[in-house]
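Take a look at the letters that make up each chain.
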Amino acid sequence: MNSLPRAVGLTYYLFLVLSILSISACEKQAEELFDITGNYCTFRDGINGPVSSQLSIMADSTERNDFIISNISGYTNSSNAFLEIGVQRLSNRLVILPYNVIIANGNDMSIEGQGSINNNGTIDFEISITQDEVSTYKLFLNSDLNNIIGDYADATNKVSLGITESTFALSNNDLRYNFKMIHDQNDGCGIVIPRQTTTNTSTNEEIGCEAELFYTGEKLIGELRISLNNWQTIESIALELQ
């Protein structure tokens, strides 16, 4: 058997070793999938403003799906259609294949969803529930209040969240608002700021305010409502701040 020339042989063996290491690295990378089971929150537009509820993502013991999302509606008397929703995982993609169910009142309801798992283990996931109209549920991890304290802003608005008091600097419809609000309600899904009276330091006028704020792991979202005439009229400001 003829042996390879020394230079060619070294090159060949080096190529072989690098190939093996490359294959091993790819296999290792493919195996490093984040575990997304745990407690989450939802965010959706309700009749009276943003609504959030707690749910859990679990492995499906029946193996028909990769995961089960439990009780997405957050209501104890929820239809069975909401209690367990199957989710398929394709690498870092999450999919709820479209399906129809008959709910308690005899109406037809369709459910579908899709999302992705980010490099830091958080997920971007939207679930659409369609009856007479579409309701979109956005999922994000529970957040401890201490983890969301800080400043959030976009080009026109800024919110500085504290433990019991937060400061707002907002611009809406050519009006400027600078005020503080007191809050103490936090359930891991967000901060609900009850209706209260405060002073808009931009005009030195008293205004009424209330808000629901939710931290998704990447940004602060929610809605703030302001009234200048004792809640006879309401101005709503949607927030999506980094």
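Computed from a predicted structure; not experimentally measured.

Calculation criteria
Residues numbered from 1 in each chain as written. Predicted model: local features only at pLDDT ≥ 70, side-chain atom pairs only at ≥ 80, totals over all residues. Heavy atoms only, no water. Helix = DSSP H or I, 4+ residues; strand = E, 2+ residues; numbered from the N terminus. Polar contact = N/O pair within 3.5 Å; in protein donor to acceptor, adjacent residues only side chain to side chain. Contact = heavy atoms within 4.5 Å. Buried < 20%, exposed > 50% of the residue type's maximum accessible area, 1.4 Å probe, protein only. Core = buried A, V, L, I, M, F, W, Y, C linked by side-chain atoms within 4.5 Å. pLDDT = per-residue confidence, 0-100. Pairing = 2+ DSSP bridges. Phe/Tyr/Trp six-rings, centres within 6.5 Å; stacked < 30°, edge-to-face > 60°. Lys NZ or Arg CZ within 6 Å of the ring centre and 35° of its normal. Axes fitted to C-alpha atoms, helices over the stretch in contact; angles between N-to-C directions.

Colleague: Just checking my understanding: could you explain the side chain of S70 for this structure?
Modeller: By the element assignment, S70 lies in strand β4 (residues 67-70). A polar atom in the side chain of S70 sits 2.7 Å from the side chain of S56. In contact with S70, not counting residues within four places along its chain, are L55, S56, M58, F82 and L83.

Colleague: Even after reading the chapter, I still don't get unusual backbone geometry, so can you show me in this structure?
Modeller: Most peptide bonds adopt trans geometry, and most residues besides glycine take a negative phi value. Despite not being glycine, S91 shows a phi value in the positive range, around 60°. Mapped onto the fold, S91 is located in the loop between β5 (84-90) and β6 (93-102). Since its relative accessible area comes to 49%, S91 is described here as partly exposed. With a phi close to 60°, N204 is a non-glycine residue in the positive phi region. Its location among the elements puts N204 in the loop between β15 (191-200) and β16 (205-215).

Colleague: Can you walk me through the nonpolar core in this structure?
Modeller: Proteins that are soluble and globular tend to have nonpolar side chains buried together. Counting residues in each nonpolar core, the largest one holds 23 residues, and the members touching the most others are I57, I69, I123, F125 and I127. Mapped by element, the contributors of at least two residues to this core are β3 (54-59), β4, β5, β6, β7 (108-117), β8 (123-130) and β9 (134-141). Top contributing element to this core by residue count: β8, with 4 residues. The contacts of F125, once residues within four sequence positions are left out, are I69, V87, L94, I96, G113, Q114, G115, Y137, K138 and L139. In this structure, V159, M181, I207 and L224 belong to the second largest nonpolar core, which totals 22 residues.

Colleague: Sorry, what's going on with the confidence of the model for the protein here?
Modeller: Segments scoring low in pLDDT should not have their predicted coordinates read at a detailed level. Summing up the model confidence of the protein, the mean pLDDT is 82 and the portion of residues at 70 or higher is 80%. Mean pLDDT across the elements of the protein bottoms out in helix α1 (residues 6-31) (48) and peaks in strand β13 (residues 175-182) (96). Per-residue pLDDT stays below 50 along residues 12-17; that stretch engages in 0 contacts with residues further than four places along the chain or on separate chains.

Colleague: What is the right way to read the pairing of β13 from this model?
Modeller: The side chains of a regular strand alternate, residue by residue, between the two faces of the sheet. Examined bridge by bridge, strand β12 (residues 165-172) and β13 share 8 bridges and lie antiparallel to one another. Bridged to L170 within β13 is Y177. Count of turn residues in the β12/β13 antiparallel hairpin: 2 residues, of which N173 carries a positive phi of about 50°.

Colleague: Explain the packing of aromatic side chains to me, please; I cannot follow it from the model alone.
Modeller: What describes a pair of aromatic rings is the distance from one ring centre to the other and the angle between the planes of the rings. Tallying each qualifying case throughout the model produces 3 aromatic pairs. Between Y152 and Y215, the ring centres sit 5.9 Å apart and the planes meet at 55°, which makes this aromatic pair tilted. Here Y152 is found in strand β10 (residues 150-153), whereas its partner Y215 is found in strand β16, with 63 residues between them in sequence. Under the relative-accessibility criterion, Y152 is labelled buried at 8%. The exposure class assigned to Y215 is buried, which follows from its relative accessible area of 18%. Across the ring face of W231, the terminal group of R195 is positioned such that the distance to the ring centre comes to 3.7 Å.

Colleague: What is the right way to read the sheet that holds strand β11 (residues 158-161) from this model?
Modeller: Adjacent strands of a sheet form backbone hydrogen bonds with each other and so pair up, either parallel or antiparallel. One open sheet holds the 4 strands; their spatial order is β10-β11-β12-β13, and the pairing between them is antiparallel. Both outer strands of the open sheet, β10 and β13, are each paired with one neighbouring strand and no more. Strand-to-strand, the axes of this sheet are offset by a mean angle of 10°, without reference to chain direction.

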